[in-house]
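Each chain, written out:
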Amino acid sequence: MTSHETLGSGFINERGIFVPYLKHPVEVTKIPADGPAQNRNHSILEDYLVYAVSSSGEDEILPFSKHLRRIKGKVKGRVLGRRIGMDHSMISRLQNSSRNPTLSTVVRITERFGLSDEQVHKIVTSAATVGVETDARRRVFSDDAPALEGTIGVQFGGYMLAKGVSQRVLAGRINVDHSTLSKIVSPKDGEVVIPTLKTFANFVTVLGLNARQVRGLLRAIPLPVKNS
């Protein structure tokens, strides 16, 4: 039996991105488990997949430079640089650039400023360049779905398994080569391969990850890191 309820507060915007923790409610339909769990990750998450139904609402999609200016506020560049361990000239370039910073830089800034999971989720999904389903059959993880643990590759693999999506299919949906996604999910010799912010944003958007899950992925990124 399926049931209807409200998925926290949020909406699916005009780009088809599910944005939680905002003022517009989203009606959802619970999805019954479609078979026995294949492993622990699947078992943990299978009861938290829902169908989200679009609702009215608007939200501003911002480039990272504008997010950074909001985060920074009146803090001087040199002070901010010392606070997050970056040269102030780099901070200035980030504020005035339309290009995305590395994902590790995003982690460093958001962690040092103590941003909430919801704020970080907003920053990440604003960088997505892919659209997703906007109809009533968009499957997302509910706001109370737990985050997985482990390396970023292990977590990526777990969420893909829970959604029943193969690496090859997902690579096509997020516009990256299958080999690129494979290196992230299954790196060789213990290497940690970190995606770009755009790839990461596309991944979490297509899979419908909630704010807690996105933060868990970001906190699995070691600093400093090798970016890919």
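## Quick word on the side chain of Gln-155
Relative to the helices and strands, Gln-155 resides in helix α7 (residues 152-163). With residues near it in sequence (within four places) discarded, Gln-155 still touches Leu-148, Glu-149, Gly-150, Gln-213, Gly-216, Leu-217 and Ala-220.

## A closer look at the nonpolar core
A general feature of soluble globular proteins is that nonpolar side chains tend to end up buried together. Counting residues in hydrophobic clusters, the biggest one holds 51 residues, and the most contacted among them are Phe-156, Leu-170, Phe-200, Leu-209 and Leu-218. For this core, the element with the highest residue contribution is helix α10 (residues 197-207), accounting for seven residues. The contacts of Leu-209, once residues within four sequence positions are left out, are His-121, Phe-141, Tyr-159, Phe-203, Val-204, Val-214 and Leu-217.

## Thoughts on helix α5 (residues 103-112)
For α5, the buried fraction is high: seven of the ten residues fall into the buried class. Along α5, the positions that sit buried rather than exposed are Leu-103, Ser-104, Thr-105, Val-106, Val-107, Ile-109 and Thr-110. Gly-114 sits one or two positions beyond α5 and adopts a positive phi of about 65°.

## Observations regarding the pattern of salt bridges
In the structure shown here, the tally under the stated rule is three salt bridges. Among the ionic pairs, Glu-111 bridges to Arg-215, the shortest N-O distance being 2.8 Å. Placement of the pair is Glu-111 in helix α5 and Arg-215 in helix α11 (residues 211-218), with a sequence separation of 104 residues. Glu-111 sits in the partly exposed class, given a relative accessible area of 31%. A salt bridge links Asp-117 to Arg-215; its shortest N-O distance comes to 3.1 Å.

## Re the packing of α7 against α11
Interaxial distance between α7 and α11 falls to 9 Å at its minimum, and their mutual angle equals 150°. Relative to α11, the element α7 is oriented roughly antiparallel. Where α7 abuts α11, its residues Ile-152, Gln-155, Phe-156 and Tyr-159 lie against Gln-213, Gly-216 and Leu-217. Its residues assigned to classes, the contact of α7 with α11 shows four nonpolar, three polar and no charged.

## Quick word on helix α4 (residues 88-95)
When we look at burial in α4, the residues that qualify are Ile-91, Leu-94 and Gln-95. Along the axis of α4, the buried residues cluster in a sector spanning 100°; they form a single face.

The rules we used
Numbers given to residues run from 1 along each chain, matching the order in which its sequence is written. In keeping with the predicted nature of the model, local features appear solely for residues at pLDDT of at least 70, side-chain atom pairs appear and are counted solely at 80 or more, and the whole-chain, interface and lining totals rest on all residues. Remark: hydrogens and water are excluded; side-chain values derive from all non-hydrogen atoms of the structure. Only runs of H or I of at least four residues qualify as helices and only runs of E of at least two qualify as strands under DSSP, and these elements are numbered from the N terminus. Throughout, a contact is declared for two residues whenever any of their heavy atoms are within 4.5 Å. The definition of a nonpolar core used throughout is a set of buried Ala, Val, Leu, Ile, Met, Phe, Trp, Tyr and Cys residues joined through side-chain atoms within 4.5 Å. Relative accessible area decides the class of each residue, using a 1.4 Å probe on protein chains only: under 20% of the type maximum gives buried, over 50% gives exposed, and in between gives partly exposed. Here a salt bridge means any side-chain nitrogen of Lys or Arg lying within 4 Å of a carboxyl oxygen belonging to Asp or Glu. Axes here mean lines fitted to C-alpha atoms, for a helix over just the part in contact, with angles spanning 0 to 180 degrees between N-to-C directions. Oblique is the label for any angle not under 35 degrees, not over 145, and not in the 65 to 115 range, which are roughly parallel, roughly antiparallel and roughly perpendicular in turn. All amino acids are sorted into three groups, where Ala, Val, Leu, Ile, Met, Phe, Trp, Tyr, Cys and Pro are nonpolar, Asp, Glu, Lys and Arg are charged, and the leftover types, Gly among them, are polar. As used here, the arc belongs to the directions running from the helix axis to the C-beta atoms.

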